[in-house]
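# Residue-level structure breakdown
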Amino acid sequence: MEKFTQHTGTGLPLRRSNVDTDQIIPAVYLKRVTRTGFEDGLFAAWRKDPQFVINQPQYDGATVLIAGPDFGTGSSREHAVWALLDYGFRVVISSRFADIFRGNSGKAGLVAAQVTQDVVEQLWKQIEHDPTTQIVVDLEARTIQADAITAPFQIDDYTRWRLLEGLDDIGITLSHEDDIATYEAGRPSWKPATL
Amino acid sequence: MGRTLAEKVWDEHVVRSAEGEPDLLFIDLHLIHEVTSPQAFEGLRLAGRRVRRPDLTLATEDHNVPTLDLDKPIADPVSRTQVETLRRNCEEFGVRLHPLGDVEQGIVHVVGPQLGLTQPGMTIVCGDSHTSTHGAFGAIAFGIGTSEVEHVLATQTLPQSRPRTMAVTVNGSLPDGVTAKDLVLTLIAHTGTGGGQGYVVEYRGPAIEELSMEARMTICNMSIEWGAKAGLIAPDQTTFDYIEGRPEAPKGEHWGEALAHWQTLVTDEDAVFDKEIVLDASTMTPFVTWGTNPGQGVPLGGEVPDPARFDDDGDQLAAEKALEYMGLEAGTPMRDIKVDTVFVGSCTNGRIEDLRAAAAVVKGRHVAPDTRLLVVPGSVRVRLQAEDEGLDVVFKEAGAEWRGAGCSMCLGMNPDQLEPGERSASTSNRNFEGRQGKGGRTHLVSPLVAAATAVTGTLASPADLPPLA
């Protein structure tokens, strides 16, 4: 995974709450067996509407998505994170993320930055007023800065550390293989097995 | 201080714990299906890693599989590739697979409990958010993403931060005609889709204790729909009776050892939950959704709400958008809503008790003209059991379509989809926009409401039907 320290880019204001992962990428786009190319499925249903915010030319090239509360609810599909990344987003800002989505983001290198709804509203207003506003997301300092707005964001320490270092989870865990083997040796024999 | 059930199960699975890091949890059972696993196996292959514990891993084909023409190859080439990729991966990495055509094939969350693989006190994960279903047995079970699937395949562990604990205590008894589905839809309307976020929830109280295992699974299944990390129910005699004698249940001496352990899996009396919600089951009624998330629901006797009545601006906007998408007017009685398709199935309500409940309602009656009733058993075993009991005949005589097992119209990855603008009453778990087919409109309901709705053609409960002559 690539290291993430700081990102600067323009924003996309998505004024919707409860954006579930079926909206981020509908199920028909999940049939690929590869890891790339999911950008065509991003918000596929909503994108058919020419007025939908992602189709408005002033937001072309946005890399920071600012969404309403309860972003990423529903299905566990990591394809939702891949679709956002493949489309070009590096950061999603919301006042509340669904657990699985947040976990998936951390694994794939998308920063899920949690702020208060008040900050979301300020960012929406600022970007709608000036779509060229540069949003600076500093993972080291855990801050978001856009024009006159400066706000802290929340991300858990462990995920932040892994993103900053660009670490592979499996590699970290396998360095504790002795602990896993010790645990396995102590498991009761009546626990079920599939083979 | 005492510990909650969730804390006991968690503590038993900690492989490694360090300050400032998530706990490393051992995973007792890893369930796999074709949609969220291909990139995980590819990751293993690229890194030259193996599956650490194929003996704790089980795969089935469910999301993409057709429910008609099962003797022919899968028509959609992309779906077929995904299913074939799973078969190749399972073969290469030595994972047990129940493919299409196998008697144990079915929805992953129906198959695990049915085989007796789902047992109290386990940690169970799957690349599917409805893994919370298995919590009905007193297991910690939750959905994971594909990177985590790869992690579990490679290490049989997952780094996880300890969640907070919540109790949902349900007092009283559910009235006749009111089911576990109505209970959980009522709860989600109360909490909203984010109310359980960050919590492992224990459902408890007299109303929960009275429920069958299948009804408990319906409740735990929908834990994710209000954002909970997992939902679980303390194992009791109902649980033990359900497991005993199943193919993968402990046998002989092992049964006694397992049972002795399972009986310790209760929340201690002096344990403290971080949060508690108390509900009264005796006041509950059949419950249906009107909007585009599972929290947007009302009693069947209610009406489509007026968005202006919501206090919160965000809720108001969400309600307006939902009504527009659903093609509904505020103030319309729910019972006046005409339905095109009724879907009985899914990991929420695709088990034998659900099919029995629906069959009892349609028996001797007929599906309304212009309405279609699709019955999709959750697994091949459920299908065979239903056929043994003659339920397939009841459904077919009523004018329903009797199908093969799979996820089917719950998420429309196979050909079972709604047309744009088509309206369904569905026993599944999500009424998201486009979930059951592009432009499709979903009302979540119980199997009883689904069956009655199929008969009347409008949202209804069995009590609304004229008595049979």
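Everything below is about the structure shown above.
Presented here is an overview of the structure given in this document. (Residues numbered from 1 in each chain as written. Chains lettered and ligands numbered in written order. Predicted model: local features only at pLDDT ≥ 70, side-chain atom pairs only at ≥ 80, totals over all residues. Heavy atoms only, no water.)

### Section: the overall build of chain A
Where we set the bar: Each helix corresponds to a stretch of at least 4 residues labelled H or I by DSSP, and each strand to a stretch of at least 2 residues labelled E; elements are numbered beginning at the N terminus. We call a residue buried when its accessible area falls under 20% of the maximum for its residue type, exposed when it is over 50%, and partly exposed in between, using a 1.4 Å probe and counting protein chains only. We call two residues contacting when some pair of their heavy atoms lies within 4.5 Å.
In terms of helices and strands, chain A carries 8 helices and 8 strands. Reported as C-alpha extents along the three principal axes, the dimensions of chain A are approximately 65 × 40 × 25 Å. Classification of the 195 residues of chain A by burial places 60% in the buried group. For chain A, the share of sequence-separated contacts (at least 6 apart) that also reach a separation of at least 24 residues comes to 67%.

### What to know about the interface of chain B and chain A
To keep things clear, this is the line we draw: Simply put, the buried area is the total loss of 1.4 Å probe accessible area from both parts when two parts are fitted together. Only one rule defines a salt bridge in this text: a Lys or Arg side-chain nitrogen within 4 Å of an Asp or Glu carboxyl oxygen. Any pair of nitrogen or oxygen atoms within 3.5 Å is treated as a polar contact; in protein, a donor-acceptor pairing is required on top of that, and neighbouring residues in sequence qualify only through side-chain atoms on both sides.
On the chain A side, the residues contacting the 80 residues of chain B number 57 residues. Note on chain B versus chain A: buried area summed over both sides is about 5500 Å², and carbon and sulfur give 55% of it. When the area that chain B buries against chain A is broken down by residue, the three leading residues are Gln39(B), Arg52(B) and Gln197(B), summing to 11%. Taken together, the links from chain B to chain A amount to 10 salt bridges. The salt bridge partner of Glu433(B) is Arg16(A), with a shortest N-O separation of 3.1 Å. Remark: the boundary between chain B and chain A carries 36 residue pairs in polar contact (both at pLDDT 80 or more). Take the side of chain B that touches chain A: its biggest share by element is 7 residues, from helix α5 (residues 146-155) of chain B.

### Examining the sheet that holds strand β12 (residues 275-280) of chain B
Residue and element names in this part refer to chain B. In plain terms, the rule: When DSSP finds two or more bridges between a pair of strands, those strands are recorded as paired. In this description, a line fitted to the C-alpha atoms serves as the axis of each element, helices being fitted only across the stretch in contact, and the angle between N-to-C directions of two axes falls anywhere from 0 to 180 degrees.
What the 4 strands build is an open sheet, ordered β11-β10-β9-β12; its pairing is parallel. Two strands bound the open sheet, and with one partner strand each, they are β11 (230-232) and β12. For this sheet the average axis-to-axis angle between neighbouring strands, irrespective of direction, equals 20°. Where strand β10 (residues 199-204) meets β11, 3 bridges bridge the pair, whose relative direction is parallel.

### Re the pairing of strand β6 (residues 123-126) of chain B
Every other side chain in a regular strand lies on the same face of the sheet, so the side chains alternate between the two faces. Residue and element names in this part refer to chain B. In β6, alternate side chains face the same way, and those of Thr123 and Val125 on one face and Ile124 and Cys126 on the other are all buried. Bridge count for β6 against strand β7 (residues 140-143) is 4 bridges, and the pairing is parallel. Bridge assignment links Val125 to a residue of β7, and that residue is Phe142.

### Digging into the environment of Thr165(B)
Residue and element names in this part refer to chain B. By the element assignment, Thr165 lies in strand β9 (residues 164-171). Separated by 105 residues in the primary sequence, Thr165 and Thr60 have C-alpha atoms spaced 31 Å apart. Not counting residues within four places of it along the chain, the set of residues in contact with Thr165 comprises Thr4, Glu7, Tyr199, Val200, Val272, Phe273, Asp274 and Lys275.

### Observations regarding the environment of Ser461(B)
Residues and elements named next belong to chain B. Within the fold, Ser461 resides in the segment after α16 (447-456). A C-alpha to C-alpha distance of 4.6 Å links Ser461 and Val449, two positions 12 residues apart in sequence. The residues contacting Ser461, other than those within four sequence positions of it, are Pro286, Leu300, Arg335, Val449 and Ala452.

### Details of the nonpolar core
Condition: Residues belong to one nonpolar core when they are buried, are Ala, Val, Leu, Ile, Met, Phe, Trp, Tyr or Cys, and are joined through side-chain atoms within 4.5 Å.
Among the nonpolar cores identified, the biggest contains 108 residues, and Leu14(A), Phe43(A), Phe71(A), Leu84(A), Leu373(B) and Phe395(B) are the most heavily contacted of them. Of the residues forming this core, the biggest block, 7 residues, is contributed by α16(B). Those residues within four positions of Phe71(A) in sequence are excluded, and the remaining contacts are Leu14(A), Val19(A), Ile24(A), Leu65(A), Leu84(A), Val92(A), Ser94(A), Arg96(A), Phe97(A), Ala98(A) and Phe101(A). Residues Leu5(B), Trp10(B), Met217(B) and Trp262(B) belong to the second largest nonpolar core, which totals 74 residues.

### Section: the pairing of β9(B)
Residue and element names in this part refer to chain B. Our working rule: Look down the strands so they point away from you; if going from the first strand over the helix to the second traces a clockwise path, that crossover is right-handed.
Of all 8 residues that make up β9, 6 are buried, and the element is covered over most of its length. Relative to β10, β9 runs parallel, the two being bridged by 6 bridges. Across the sheet, residue Ala167 finds its bridge partner in β10, namely Glu202. With helix α6 (residues 180-191) bridging β9 and the parallel β10, this β-α-β connection has right-handed handedness.

### Regarding empty space enclosed by the protein
All names here are of chain B. Selection rule: With a 1 Å grid spanning the protein atoms alone, the term cavity applies to any set of points in which a 1.4 Å probe fits but cannot get out, the term pocket to an open set with protein on both sides within 12 Å along at least five of seven lines, and the term lining residue to any residue with an atom within 4 Å of a point. Grid points are joined across faces, edges and corners, and a volume is the space filled by probe spheres set on the points. Under the grouping applied here, Gly and all other residues not named as nonpolar or charged are polar, the nonpolar ones being Ala, Val, Leu, Ile, Met, Phe, Trp, Tyr, Cys and Pro and the charged ones Asp, Glu, Lys and Arg.
Tallied over the full model, the rule gives 6 cavities of 30 Å³ or more. In this model, the largest cavity occupies a volume close to 200 Å³. Every element with two or more residues in the lining of the largest cavity is listed here: α4 (108-115) and α12 (346-349). Classifying every residue of the lining of the largest cavity by side-chain character gives 8 nonpolar, 11 polar and 5 charged.

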